[in-house]
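Chain and residue survey
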Number of protein chains: 2
Amino acid sequence: MSQDQVPEIVVDRLPLYLRMLEFLKKEDKAITSSQELADRLGLSSAQIRKDLSYFGGFGKQGTGYAIDYLIKQLRQILHVDRVWDVALIGAGDLGRALAHYQGFEQQGFRLVAIFDNAPKKIGTAVGDLHVQDMAELPRLVREKTIRVAILAVPADAAATVAAKLVELGICAILNYAPITLNVPPNVRVYHIDPVIGLQNMAYYL
Amino acid sequence: MSQDQVPEIVVDRLPLYLRMLEFLKKEDKAITSSQELADRLGLSSAQIRKDLSYFGGFGKQGTGYAIDYLIKQLRQILHVDRVWDVALIGAGDLGRALAHYQGFEQQGFRLVAIFDNAPKKIGTAVGDLHVQDMAELPRLVREKTIRVAILAVPADAAATVAAKLVELGICAILNYAPITLNVPPNVRVYHIDPVIGLQNMAYYL
DNA sequence: TAGATTGTTAATCGATTAACAATC
DNA sequence: TAGATTGTTAATCGATTAACAATC
């Protein structure tokens, strides 16, 4: 099925399904059902079956879904059956925390470079990487054909850096800066902001 | 209007409106319109007017919305016209990055304690705070009547710690651990996971 | 076979949008 | 007054769910 026939809200749930399947696999399960997934994720089983049906029939009536097989299929669908090189912009506390995070690689992403413009930080080690000058960004992006970036710079620098990323051909930005980025429609932004989450929950307090 | 008549998806957007209004205020604007907000946020103006209308009429026909007034109203609606004390669990890289983040306080939240169970970390300084033993958590939560927690511990510890938080009466958890937490329906969880964001965008690559 | 669970359809439910009277 | 923009209604659109035939 062609990509843009799938509602975005369905795509939003696929990574959650994938994560849950990998969790069940770690529990040494081999088979699951739409009902089990639904219970664990707080959704309805019909929704899970419908979501999956946009991409094909991955289960067996009477049995359910083979976890390994469904993981493999979801990885293909999400394009994480390969590893994407990622540029990390910003070597502050947050940038360093992200650089140390071990969970990216097995989920389809590898940090290949970390950048900052503070002379003091350039050259210092962060995990396996060394902080590079922002001036090196265009060369690295070109050489490694990087299409994904993580933006972990202060709010006042974010708009400028984002424009630069777009100019260099980055088409997916994981944005940790607390501002709404303005990018062309062909560039995806996924925004992570703890304050938004806290304020959301505060409504219900 | 009573709280549970407002769709969750509307509440999800309110913090975004608030953040954008504060951004416009920083640009020295005093007045805005549903159209301007919509353009900046990539939504429709009708949606913004409808969302706000769940809570009251905050604008003036022919003029728009007074930014300061609407900020004040949204803060009240979201219950961030006060400051909530927050417990931060986990003093790893991520915990430290969060502890150093300066943006919480003016948005309604103040980190009042940071906990870890690693003897090496206990007592060390992180920003203005000193890392405390997890054993102190119950006392602190009780003494300060803390209702909000940020969970920044490794995946394998998250379920246990979350259960503890629930037991202590925490009712909002900002979860940075890459697992789906199982909590009672009266407890809110807002999940932040960079991998979910990256995988989501990878679908469109 | 009996029991279980999928994939799919049609019905329901709910969210978004278009349109406009009200009014600043 | 003329122009602009709100708040609200009704229509549209799209997502979720219920139900069940198919089938393992």
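Attention here is on the structure that accompanies the text. Just so you know, the residues in each chain are numbered from 1, in the order the chain's sequence is written. Chains and ligands are labelled by the order in which they are written, letters from A for the one and numbers from 1 for the other. Totals for whole chains, interfaces and linings use all residues, but because this is a predicted model, local features are given only for residues with pLDDT of at least 70 and pairs of side-chain atoms are given and counted only at 80 or more. Hydrogens and waters are ignored; side-chain quantities use all the structure's heavy atoms.

Some remarks on the environment of V126 of chain B
Residue and element names in this part refer to chain B. Test applied: Secondary structure elements are defined from DSSP: runs of H or I of at least 4 residues count as helices, runs of E of at least 2 residues count as strands, and each element is numbered from the N terminus. Residues count as neighbours in contact if any of their non-hydrogen atoms are within 4.5 Å of one another.
With respect to the helices, strands and loops of the structure, V126 is situated in strand β6 (residues 125-126). The sequence separation of V126 and A99 amounts to 27 residues, and the corresponding C-alpha distance is 6.7 Å. Not counting residues up to four positions away in its chain, the partners in contact with V126 are R96, A99, H100, I114 and V131.

What to know about the packing of helix α1 (residues 8-26) of chain B against helix α2 (residues 34-41) of chain B
Residues and elements named next belong to chain B. Note the threshold: Convention adopted: a line fitted to C-alpha atoms gives each axis, helices being fitted over their contacting stretch, and angles between N-to-C directions are expressed from 0 to 180 degrees. Roughly parallel covers angles under 35 degrees, roughly antiparallel covers those over 145, roughly perpendicular covers 65 to 115, and oblique covers all other angles. Under this grouping Gly is polar, as are all residues other than the nonpolar Ala, Val, Leu, Ile, Met, Phe, Trp, Tyr, Cys and Pro and the charged Asp, Glu, Lys and Arg.
Remark: α1 packs on α2, axes separated minimally by 11 Å, with the N-to-C direction vectors making an angle of 105 degrees. Regarding the angle of α1 to α2, the classification is roughly perpendicular. Between α1 and α2, the contacting residues are L16, Y17, M20, L21, F23 and L24 on the first element and E36, L37, R40 and L41 on the second. Tallied by class, residues from the contact of α1 with α2 come to eight nonpolar, no polar and two charged.

Let's talk about the protein's contact with DNA strand D
Note the threshold: When at least one non-hydrogen atom of a residue lies within 4 Å of a molecule or strand, that residue is treated as near it. The term polar contact refers here to a pair of N or O atoms within 3.5 Å; inside protein, the definition further demands a hydrogen-donor-capable atom paired with an acceptor-capable atom, and it admits residues adjacent in sequence only when both atoms are side-chain atoms.
Taken together, the neighbourhood of DNA strand D is formed by 25 residues, with S34, R49, F58, G59 and Y65 of chain B sitting nearest. A share of 59% of the atoms of DNA strand D within 4 Å of the protein falls on sugar and phosphate groups. Here R49 of chain A contributes a side-chain N or O atom positioned 3.2 Å from a base nitrogen of DNA strand D. At 2.6 Å, a side-chain N or O of S34 of chain B approaches a phosphate oxygen of DNA strand D. Going through the elements one at a time, α1 (8-26) and α3 (45-53) of chain A together with α3 (45-53), β2 (59-60) and β3 (64-66) of chain B are the ones with two or more residues in the surface near DNA strand D. It is α3 of chain A that contributes the most residues to the surface near DNA strand D, four residues altogether. Along the lines of polarity and charge, the residues of the surface near DNA strand D split into five nonpolar, 13 polar and seven charged.

Focus: the protein's contact with DNA strand C
Around DNA strand C, a shell composed of 25 residues is seen, among which S34, R49, F58, G59 and Y65 of chain A lie nearest. Between DNA strand C and the protein, one listed contact pairs a phosphate oxygen with a side-chain N or O atom of S34 of chain A at 2.6 Å. In this structure, Q61 of chain B approaches DNA strand C through a side-chain N or O atom, which is 3.3 Å from a sugar or linking oxygen. At the level of secondary structure, the elements contributing two or more residues to the surface near DNA strand C comprise α3, β2 (59-60) and β3 (64-66) of chain A together with α1 and α3 of chain B. With four residues, the top contributor of residues to the surface near DNA strand C is α3 of chain B.

Remember that the coordinates give geometry; whether it matters functionally is a separate question.
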